[in-house]
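# Descriptive analysis of the structure
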Amino acid sequence: MSHTVLDQIDGVVKGNDVVLFMKGTPQMPQCGFSQQVTSIVASYNVPYAAVNVLLDAAVRQGIKDYADWPTIPQLYIKGEFVGGCDIVNEMHANGELAEMLKPFQNNENS
Amino acid sequence: MSVRSDKIHAILTQAFQPSSLQVEDESWKHAGHAGAKESGGGHFVVHITAAAFSGKSRIACHRMINHTLKGEFGEVIHALSIHAKSA
């Protein structure tokens, strides 16, 4: 694994408040798990960066090494790995995700 | 149950001595989608309760399970849904 890819991933993770590594795009997810997480994150009305891992095999493998996590999607908030589909679903259901994403929500009045 | 879910069941049983464990093979729900075809692995859902997860964060529990099944990702497992509890 080249360090360039991990550095590149690290740059994206640290450079955005909310980042989702997924298969496909938020408009057209290519996997049911990515689709679930996209619709959950979208429901909070927060701006987020989406990275389509299908566009780059090095990123697709690199993100698994970066997080020490074997599957995609992966959600990051403030540079921290939050989890994959199961954990995001659980945190969505119990309110933890709402709490974490609150600071990044678009203010509808502004 | 399937041969593959039996294998996952056996590996997890040995690693965690769970008080309850269910492994469902949901591959049929996803047959033919692009990623599944590529790796050949199936979709599985694991419900596991084990004392080993006590006091661990969700990510830590998932990592323990993922590491235990590391050799199975690819050929056997394409996607793994985990529901882990300590009691």
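Let us look at the structure shown here. Keep in mind the model is a prediction, meaning the values are calculated, not measured.

A tally of helices and strands in chain B yields four helices and three strands. Secondary structure elements of chain B, listed N to C terminal, follow the sequence α-β-α-α-β-α-β. Buried residues in chain B amount to 40% of all 87 residues. The contacts of chain B with a sequence gap of at least 6 include a subset with a gap of at least 24, amounting to 63%. Carbon and sulfur atoms provide 53% of the accessible area of chain B, an area that totals close to 4600 Å².

Our focus in this paragraph is the pairing of strand β3 (residues 74–77) of chain A. Residues and elements named next belong to chain A. Both faces of β3 are covered, namely the face carrying Gln74 and Tyr76 and the face carrying Leu75 and Ile77. Both strand β1 (residues 18–22) and β3 contribute to a ladder of four bridges, which runs antiparallel. By the bridge assignment, phenylalanine 21 is partnered in β3 with glutamine 74. As judged from the three bridges shared by β3 and strand β4 (residues 80–83), these two strands associate in the antiparallel manner. From the neighbouring strand, leucine 75 faces β4, where its bridge partner is glycine 83. The antiparallel hairpin formed by β3 and β4 contains two residues in its connecting segment, where lysine 78 sits at a positive phi of about 50°.

Further remarks concern the interface of chain A and chain B. Contacts between chain A and chain B engage 17 residues on the former and 15 residues on the latter. Both sides together, the interface formed by chain A and chain B hides about 1400 Å², and carbon and sulfur atoms give 52% of it. Its salt-bridge partner being Glu96(A), residue Arg58(B) comes within 2.6 Å of it at the nearest N-O pair. Where chain A touches chain B, the interface holds seven residue pairs in polar contact (both at pLDDT 80 or more). Contributing elements (two or more residues each) for the side of chain A that touches chain B: α3 (57–67), β4 and α4 (85–93) of chain A. Sort the elements by how many residues they give to the side of chain A that touches chain B and α4(A) lands first, with four residues.

All names here are of chain A. Running from N to C, helix α1 (residues 3–15) and α3 cross one another at 70°; their axes reach a closest spacing of 9 Å. Overall, the two elements α1 and α3 adopt an arrangement that is roughly perpendicular. In this structure, α1 contributes Val5, Leu6, Gln8, Ile9, Asp10, Val13 and Lys14 to the contact, and α3 contributes Ala58, Val59, Gly62, Ile63, Asp65 and Tyr66.

Here the focus is unusual backbone geometry. Pro73(A) follows Ile72(A) through a cis peptide bond whose omega is 15°. Among the secondary structure elements, Pro73(A) is positioned in the loop between α3 and β3. Despite not being glycine, Lys78(A) has its phi angle at roughly 50°, a positive value. With respect to the helices, strands and loops of the structure, Lys78(A) is situated in the loop between β3 and β4. Under the relative-accessibility criterion, Lys78(A) is labelled exposed at 55%. A positive phi angle, near 40°, is found at Gln17(B), a position not held by glycine. Tracing the sequence through the fold places Gln17(B) in the loop between α1 (3–16) and β1 (20–25). Here Gln17(B) falls in the exposed class, since its relative accessible area comes to 62%.

Cut-offs applied
Residues numbered from 1 in each chain as written. Chains lettered and ligands numbered in written order. Predicted model: local features only at pLDDT ≥ 70, side-chain atom pairs only at ≥ 80, totals over all residues. Heavy atoms only, no water. Helix = DSSP H or I, 4+ residues; strand = E, 2+ residues; numbered from the N terminus. Buried < 20%, exposed > 50% of the residue type's maximum accessible area, 1.4 Å probe, protein only. Contact = heavy atoms within 4.5 Å. Areas by Shrake-Rupley, 256 points an atom, 1.4 Å probe, with all protein chains shown as cover. Pairing = 2+ DSSP bridges. Buried area = accessible area lost by both parts, 1.4 Å probe. Salt bridge = Lys/Arg side-chain N within 4 Å of Asp/Glu carboxyl O. Polar contact = N/O pair within 3.5 Å; in protein donor to acceptor, adjacent residues only side chain to side chain. Axes fitted to C-alpha atoms, helices over the stretch in contact; angles between N-to-C directions. Parallel < 35°, antiparallel > 145°, perpendicular 65-115°, else oblique.

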